[in-house]
Amino acid sequence: VAAAAVASGAVRREDVRIAPRRLMDRGGDAAVAEWIVSGGFDVVGFTAYQWNVERCLAVARTVKEASPGTVTVLGGPEIAPGMPVLDAPQVDIFAVGEGETLIADILGRGYRRGLRRGYHRGLRRGLGRGLRIAPGLADLSASPNPYLCGLMETERGDPMYLETMRGCPHRCSYCHYGKSFPTVRRFPGSVVPEAFRCAEERGLGEVYLMDPTFNASPRWENALESIARANRTRIPLHTELRLEAVTARRADLLLRAGLRSVEVGLQSVNPRALAAVGRRWDRRAFEGGARLLLRRGIEVRTGVILGLPGDTAEDFRDTVRYLKDQGLLGHAEVYPLSVLPGTRLREEAGRRGISFMPSPPYWVLATPTMGAQEMVDAVRETERDFRMELFQPVLPRFRDGKDGFLGFADLRGRAPRSLTAMAPSRLGAALTLLVDGDGLSARGDWRKLGSWLRRYNPSTLIQVVVDSPTRPDASRLEAVADALHDPASYFERIHYLKHDAQGRFSVRMFHLLPDLTPRAVDDGGLCDPILRCTPALLARGRDLLRDRPFVLLGRASRPGDVASLRRLYRGWEHLLLEAPGI
Ligand code: SF4
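Summarised in this report is the structure supplied together with it. (Residues numbered from 1 in each chain as written. Predicted model: local features only at pLDDT ≥ 70, side-chain atom pairs only at ≥ 80, totals over all residues. Heavy atoms only, no water.)

Below, the discussion takes up the site of the ligand. Near the ligand the following residues occur: Cys168, His170, Cys172, Cys175, Tyr177, Pro212, Thr213, Arg242 and Arg279. In the shell around the ligand, the residues fall into 5 nonpolar, 2 polar and 2 charged. (Near = heavy atom within 4 Å. Nonpolar A, V, L, I, M, F, W, Y, C, P; charged D, E, K, R; others polar.)

With that settled, the discussion passes to the sheet that holds strand S12 (residues 333-336). Strand order in this open sheet of 6 strands is S5-S8-S9-S10-S11-S12, and the pairing throughout is parallel. Only two strands of the sheet have a single partner each, and these edge strands are strand S5 (159-162) and S12. Averaged over neighbouring strand pairs, the angle between their axes works out to 20° when direction is ignored. Relative to strand S9 (residues 237-240), strand S8 (residues 206-209) runs parallel, the two sharing 2 bridges. Residue pairing in the sheet places Tyr208 in a bridge with His238 of S9. (Pairing = 2+ DSSP bridges. Helix = DSSP H or I, 4+ residues; strand = E, 2+ residues; numbered from the N terminus. Axes fitted to C-alpha atoms, helices over the stretch in contact; angles between N-to-C directions.)

If you look at the biggest cluster of nonpolar residues, it comprises 82 residues, and the most contacted ones within it are Leu293 and Leu306. In terms of residue count, helix H8 (residues 191-202) provides more of this core than any other element does, 6 residues in total. In this structure Leu293 touches Leu243, Val246, Ala251, Leu254, Val262, Ile298 and Val300, once residues within four positions along its chain are discounted. Listed in part, the 28 residues of the second largest apolar core include Leu57, Val59, Leu74 and Val91. (Core = buried A, V, L, I, M, F, W, Y, C linked by side-chain atoms within 4.5 Å. Buried < 20%, exposed > 50% of the residue type's maximum accessible area, 1.4 Å probe, protein only. Contact = heavy atoms within 4.5 Å.)

Right, let's talk about the layout of surface pockets for a bit. Volume-wise, the second largest pocket comes out at about 1,200 Å³. Those elements that place two or more of their residues in the lining of the second largest pocket are helix H15 (372-385) and strand S19 (528-532). A total of 4 residues in the lining of the second largest pocket trace back to one element, the largest contributor, which is H15. (1 Å grid on protein atoms, 1.4 Å probe; cavity = no way out; pocket = protein on both sides within 12 Å on 5 of 7 lines; lining within 4 Å. Points joined across faces, edges and corners; volume = space filled by probe spheres on them.)

Looking now at the state of the cysteines. A covalent bond bridging the sulfur atoms of two cysteines is what the word disulfide describes. As enumerated under the stated definition, the model contains 0 disulfides in all. Cys198 takes part in no disulfide bond, and the closest cysteine sulfur to it belongs to Cys149, at a distance of 9.8 Å. (Disulfide = S-S within 2.5 Å.)

What follows deals with helix H13 (residues 313-325). The end-to-end C-alpha separation of H13 is 19 Å, in line with the 18 Å expected for 13 residues at 1.5 Å each. When we look at burial in H13, the residues that qualify are Ala313, Asp315, Phe316, Arg317, Thr319, Val320, Tyr322 and Leu323. On its buried face, H13 sits against strand S10 (259-267), helix H11 (271-276), helix H12 (283-295), strand S11 (299-306), S12 and H15. Backbone geometry just downstream of H13 places Gly327 in the positive-phi region, at approximately 70°. (Expected span 1.5 Å × (residues − 1).)

Now for the packing of H13 against H15. Relative to each other, H13 and H15 sit at 25°, their axes nearing to 10 Å. What the angle tells us is that H13 and H15 run roughly parallel. Judged by the twist between their axes, the crossing of H13 over H15 is right-handed. Contact with H13, carried on its side by Ala313, Phe316, Arg317 and Val320, involves Glu374, Ala378, Glu381 and Thr382 of H15 and no other residues of that element. Along the lines of polarity and charge, the residues of the contact of H13 with H15 split into 4 nonpolar, 1 polar and 3 charged. (Parallel < 35°, antiparallel > 145°, perpendicular 65-115°, else oblique. Left-handed = near helix turned anticlockwise from the far one by under 90°.)

Before going further, it helps to examine empty space enclosed by the protein. Using the criterion set out here, one finds 3 cavities of 30 Å³ or more in the structure. Looking at the largest cavity, its volume works out to about 60 Å³. Lining the largest cavity we find Leu241, Arg242, Leu243, Glu244, Val264, Gly265, Leu266, Leu274, Arg279, Arg280, Trp281 and Phe286. At 3 residues, S10 tops the list of elements feeding residues into the lining of the largest cavity.

These values are about where atoms sit, not about what they do.
Right under this line is the structure:
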């Protein structure tokens, strides 16, 4: 969008910036808002998806408070007539449709009235507040690539997100893509060689082809040939495709182009469920395509949808079993069905008896063939029977991130409210607080900290680790969790299918045990236990490790024990928590 605005002449290249990825990924909301305010921008545009729309609003609110004259524009798939987000007072302009045409228009009118000083006043006079709807689809030949025109900042090893086309010839009823973009449009062919040259020069670690179905068009082999020629240093390539169209020759070509991993949509093995959402599946061709890619060492990530209309819990289990039989389970990705606004499925939901969340991620809650509890049970049984994690556990971290954002605070012997003295913009996207048992008792302090966090950094996830030789007091634990918890958090909604005794995810409680003291383990499920890697654990505590609890690799952990533990936790290494100072 920014690149298109520059190309249209609406703004000068030096007047536009895209926020750095590491700031967006690792910084808290206040850090992003501060970057915008300190940049002195006249206009700030947010792209709102279901997973970030609430965060966009939180950042926009802080920006407006600090700099009321900055014009805030919200676009992206979440912005459509009738959506509740359109009431947000911190947003000046809601852009509906492809941003490329709209943003040039929005900026162009204000720009011509005289850039910079007083620009926002001109913009307000010219357009007023409210909805702006794109007049049509963007001309992709006039939309430059943001990497090539230098707008997208990267660091060595970062991925490059590359679009070569937009649109999809298929019409899956739950997907926006086929409906919003009725035709398949392509970016100019020259983008591919130039993008690979740029990725090579910048030392990027992967090219991620964003095309919704890379092999959707009859000319996809030509595009692939062009990538194979352009990708001289074999930068790993990732894309999404349909396995049914993969032949041995095409698999060779994909490998030559640098393909390392693909996403493929299976969704279900139940033909009735697939027909209900407008999908087709050729089982033999799918299996043949998977085999050809796997034999060439290409990772196949297969998507499965839980809660499709017509699917029962047993059908879901059949689908997971099928993936296991095909050797595809290791990289499977399970998504609950999203009933997205603006899709055909959403229009049909009432008639089909599908209930779903009214706010993002709009996940299915129940269908006539699968009840709410059956979905929770299906997730739990799949995780147990196939030893897999459909929902990644929330992990505490015992050090700050490398970008300088505060990610860890040792509050043992310190008042929790002491944190509120620091600038909110120092906070990262996740924060681990290490406390002792006594530290849980300062209820007023925790409430103060909770409201400070929600005020400035509502998207930051909190993990509280209680370092205590005895089982933490249940009522104190509850009080601290309550003080920090945001029940309305998006993160809570994307865990609703997870069977879990704590029942909270935006704040997570842990108990760090001193040594091999199983009796101190909280059996009420109020905390996740963390064992320390000590000689005693390895010598006498192997039974405790069978359920793969978190283990802290700390000061007292001997290198030999750590190595044994790593062998024991192969495939589950993320549950081993590095904490050299503790
Ligand atoms: S889900 Fe994939 S194949 Fe189906 S319409 Fe959307 S982009 Fe196309």
